[in-house]
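What follows is each chain in one-letter form.
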Amino acid sequence: MSFTSTTFLRALPPLFFLYYVLPKKAQWPLLLLASLCFYCFAGWQGLCYVVFTVLSSYLVSLRIDALRRRQKAYVARHRSALSRESRKAYNAGQKKIQRRWLMLGMALGFGLLAATKILAAPFWSRGENGMDIIVPLGISFYTFRVMGYLIDVFWGKTRAERNPCKLALFTLFFPLVAQGPISRYDSLSETLLAPHSFEWHSFARGLQRIIWGYFKKLVIADRLMIAIAVLTQSSGEYTGLFALFAMLVYAAALYSDFTGGMDIAIGIGQCLGIQIEENFLSPFRSKSIFEYWRRWHITMGTWFRDYVFYPVSVSKPIKKLPTRLKIYIATMITWFVTGIWHGVAWSFVVWGLANGVVILISQECLPLYRKFHAKFPKIKSRAYDVFQVIRTFLLLALLRSFDIYPDVPMTFRQIGSIVLRPRAGAFFGSMNPTDWLGLSWPGWLVAGLGICLLIAAPWFRREEAKRPPALFWALLVLAILLFGVYGPGYDAGSFIYTRF
């Protein structure tokens, strides 16, 4: 099942009704049942993976928590008899045992994820969809959520959940299971498992967020993906400016698709009284790639920062290295793992490492930037800010091209053709009034107006008084019905990030 399926849309109103009609103690069990049904519609075979991940993490977390409580109790009982050195040695020994259990839990969770990714790699390389049979829905997202929970239990940041059904709900909560956000247990469980009363204001805001998400997905993203399919299926023909255009269009399509899915998920949470963290913060307004990755897919970035970058940077193998070298190694390892998380393919590996290299180069150049701006302070202006935003957008669009084409050599050929063989005449000469790259000119006009609305959206959210009136949302629903890409012949059910 997908957010864009008619089955899902028909199921939401009854769920909202039952959620507030049933006793409050039945709310979270209802959500668990709804999440299980959602997952079964997406492919019931995937439940075997989920059950294994939940049960293994549940048992391991209980064992780590029990060992830690036993450790504290022993130290408290024998505090007067234990010397400082013996107490330190005892704690270190107990921590080592707990770490072994953590390694076991992570090996089981990440091992299953790695196995599915490796099995799906041949399908990635051939650009086929058969990987859906091997990789269950949202395995990358729910594995990272559960592994983050396991690490937090080991670190003592959260207590182990005693109820396996509550841990299962955290893992499978249906708005988050397909493409995130990658929530933390301590923050999500507080609102997910708490009782909620109906509040019209929150419910209405949630419905508005859902409508906005469907507009992004069906009117903009799925329309632009038609052109992307044309540009990439015959990539040998569409080189030069065609390749540059494909990168720019894909940036808009990916943003509309991914943030549209997030809006639907967060909106459903608001309708249920559940707070889901924001995953995007106007990323295309970023002035540097470092700032961009603090605004794009925020929960993924913080996960890798907290659970990969920081632990690697203080690990024993590199702990004694110079600080700058430690940052280099931790950054490249983090971005390598980030690439592998997206898929076991060279395209994702190169994409991840390229991001790491660009970020390190940008950080190294910061002193030069500061000296330059200190010497020429008048350069800093609104126009220069716009230049930085455009530069960052183009750089990210270039790096994102590794996700467009099927292999790394072809990606480099397409990038090189932009400069070496732009084919401006062929690009502008190919435009015709009836059909261009699979879309009619009215189709391009609808997509363009939709993108303009996306650009203007932050202005509406600056102040409560500037929020669009009810008429705006009614017109947006009408636009989805009239201009949305759905129905026979279209695959409006697949969000781009569900592949990862």
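Because the structure is predicted, anything quoted here is derived from the model rather than measured.

**Comments concerning the overall build of the chain**
In step 1: Scanning the chain for helices and strands turns up 21 helices and zero strands.
In step 2: Whereas a compact globule of 500 residues would reach a radius of gyration of roughly 23 Å, the chain reaches 25 Å, a difference of no more than 12%.
In step 3: Projecting the C-alpha coordinates of the chain onto the three principal axes gives extents of approximately 85 × 60 × 50 Å.
In step 4: Considering the chain as a whole, with its 500 residues, one finds that 49% of them fall into the buried category.
In step 5: Put simply, 76% of the contacts in the chain that link residues at least 6 apart link residues at least 24 apart.
In step 6: For the chain, the accessible surface area stands at approximately 24600 Å², while carbon and sulfur atoms represent 67% of it.
In step 7: Taken as two groups, the 56 positive and 25 negative side-chain charges of the chain have centres that lie 10 Å from each other.

**Here's the deal with the pattern of salt bridges**
In step 1: Counted under the stated rule, the structure contains 13 salt bridges.
In step 2: Ionic pairing is found between Arg-209 and Glu-278, a salt bridge with its closest N-O pair at 2.8 Å. Of this pair, Arg-209 sits in helix 10 (residues 200-233) while Glu-278 sits in the loop between helix 11 (241-271) and helix 12 (289-295), and the two are 69 residues apart along the sequence.
In step 3: Residue classification places Glu-278 among the partly exposed residues on the basis of a relative accessible area of 41%.
In step 4: Three or more residues joined by partner-sharing salt bridges are found here, namely Asp-65, Arg-68, Arg-69 and Arg-162.

**Observations concerning the nonpolar core**
In step 1: Phe-173, Ile-268, Ile-274, Trp-293 and Leu-437 are the most contacted members of the largest nonpolar core, which has 129 residues in total.
In step 2: Apart from residues lying up to four places away in sequence, Trp-293 is in contact with Met-300, Trp-335, Trp-351, Asn-355, Ile-359 and Leu-396.

**Brief notes about the side chain of Asp-306**
In step 1: For Asp-306, the location among the structural elements is in helix 13 (residues 298-313).
In step 2: Given the relative accessible area of 16%, Asp-306 is considered buried.
In step 3: The residues contacting Asp-306, other than those within four sequence positions of it, are Trp-155, Arg-184 and Pro-311.

**Regarding the environment of Leu-325**
In step 1: Positionally, Leu-325 belongs in helix 15 (residues 323-342).
In step 2: For Leu-325, a relative accessible area of 36% puts it in the partly exposed group.
In step 3: Along the sequence, Leu-325 and Arg-69 sit 256 residues apart, while their C-alpha atoms lie 38 Å from each other.

**Let's talk about helix 1 (residues 6-21)**
In step 1: Look at helix 1: 24 Å from first C-alpha to last across 16 residues, which is about the 22 Å you get at 1.5 Å a residue.
In step 2: Largest kink in helix 1: about 25°, centred on Leu-12, with the proline Pro-13 one to four residues after it.
In step 3: Burial in helix 1 covers these residues: Phe-8, Leu-12, Leu-15, Phe-16 and Tyr-19.
In step 4: Along its buried surface, helix 1 packs onto helix 2 (27-43), helix 8 (174-177), helix 10 and helix 11.

**Topic: the confidence of the model for the chain**
In step 1: Across the chain, pLDDT averages 87, with 92% of residues at or above 70.
In step 2: Ranking the elements of the chain by mean pLDDT puts helix 5 (residues 131-134) last, at 53, and helix 7 (residues 164-172) first, at 95.
In step 3: Counted against residues more than four places away or in other chains, residues 488-493, with its pLDDT under 50, gives 10 contacts.

The rules we used
- Each chain carries its own residue numbering, running from 1 in the written order of its sequence.
- Residue-level local features of this predicted model are given only where pLDDT is at least 70; pairs of side-chain atoms are given and counted only at 80 or more, and the full residue set underlies all totals for whole chains, interfaces and linings.
- Note that water and hydrogens are dropped before the side-chain values are worked out from all heavy atoms of the structure.
- Segments assigned H or I by DSSP are reported as helices when at least four residues long, segments assigned E as strands when at least two residues long, and all are numbered from the N terminus.
- We compute the radius of gyration from the C-alpha atoms alone; for a globule the expected value is 2.2 Å times N to the 0.38, where N is the number of residues.
- Note on classification: 1.4 Å probe, protein chains only; a residue is buried when its accessible area is under 20% of the maximum for its type, exposed when over 50%, partly exposed between these limits.
- In this description, contact between two residues means that some pair of their heavy atoms is separated by no more than 4.5 Å.
- All accessibility values rest on the Shrake-Rupley procedure with a 1.4 Å probe; residue burial counts only the protein chains present in the view.
- In this charge count, Lys and Arg are treated as positive and Asp and Glu as negative; neither His nor the chain ends contribute.
- Charge placement uses NZ in Lys and CZ in Arg. For Asp and Glu, CG and CD serve respectively.
- Salt bridges are defined as contacts in which a side-chain nitrogen from Lys or Arg sits within 4 Å of a carboxyl oxygen from Asp or Glu.
- As used in this record, nonpolar core signifies buried Ala, Val, Leu, Ile, Met, Phe, Trp, Tyr and Cys residues forming a set joined through side-chain atoms within 4.5 Å.
- A helix is expected to span 1.5 Å multiplied by its residue count minus one.
- Bend at a residue means the angle formed by two fitted axes: the first through the 7 residues ending at that position, the second through the 7 residues beginning there.
- Here pLDDT means the predictor's own confidence in every residue, given as a number from 0 to 100.

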